[in-house]
Amino acid sequence: MGTAARGGRVRGFVVEHEDAVAGFAVVGPSRDDDAEPSTGELHAINLDPTHWHSGQGRPLLDHAVAALQERGYHEATLWVLGSNDRGRRFYARAGWSPDGRTRVETIADGTVELHEVRYRRTLTTATVV
């Protein structure tokens, strides 16, 4: 497991709507065996479907990316189901792209296979000129 230049712990964030949790994101060091120490990971992000198209998802993703940048990571990855077209479009619009790595997770006592695709993006910090 890679560790960040600054802070290697997992952090979570929530977005609320009318005093209820509408979504969450979790970030931390990459869990991938091929990750450099400077690679962080968006471990999870989820927005209640009743809040899709409400303008809350992108700021939540942007906040998670900013948290990775603040912790010193230079790149970030995430895993998404290959069949999740909506999610893949969401990540692509935010600057993420597939990096060629895939995996199969088996759940439900080995009866269900989840085919996942890894997405990656470079994390940049603003430069004052």
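Since this is a predicted model, take the numbers as computed values, not measurements.

### Quick look at the pattern of salt bridges
Side chains bearing opposite charge may pair, as long as their charged atoms lie close to each other.
And then number 1: Within this structure, the stated rule accounts for 11 salt bridges.
And then number 2: For D33, the salt bridge goes to R101, with nearest N and O atoms at 3.2 Å. With D33 in the loop between β2 (20-29) and β3 (39-47) and R101 in strand β5 (residues 97-107), the pair connects residues that are 68 residues apart, well separated along the chain.
And then number 3: Its relative accessible area of 68% is what places D33 among the exposed residues.
And then number 4: Owing to a relative accessible area of 27%, R101 belongs among the partly exposed residues under this scheme.
And then number 5: A single salt-bridge network, built from bridges that share partners, covers D32, D33, D34, E75, D99, R101, R118 and R120.

### A look at the side chain of T77
And then number 1: Relative to the elements of secondary structure, T77 occurs in strand β4 (residues 75-81).
And then number 2: Contacts of T77, omitting those with residues within four sequence positions, involve S30, D32, T39, G40, E41, L42, W96, R118, Y119 and R120.

The rules behind the values
Residue positions are counted from 1 within each chain, in the order its sequence is given. Where totals are concerned, whole chains, interfaces and linings use all residues; where local detail is concerned, this predicted model gives features only for residues with pLDDT of at least 70, and gives and counts side-chain atom pairs only at 80 or more. The side-chain quantities take in all heavy atoms of the structure and omit both hydrogens and water. In the sections that follow, a salt bridge refers to a side-chain nitrogen of Lys or Arg positioned within 4 Å of a carboxyl oxygen of Asp or Glu. Helical segments are the DSSP runs of H or I of at least four residues, strand segments are the runs of E of at least two, and each set is numbered from the N terminus. Relative accessibility decides the category of a residue: with a 1.4 Å probe and only protein chains considered, values under 20% of the type maximum give buried, values over 50% give exposed, and everything between is partly exposed. Residue contacts are defined here by distance: any two heavy atoms, one from each residue, within 4.5 Å place the two residues in contact.

None of the figures reported here should be taken as evidence of function without further support.
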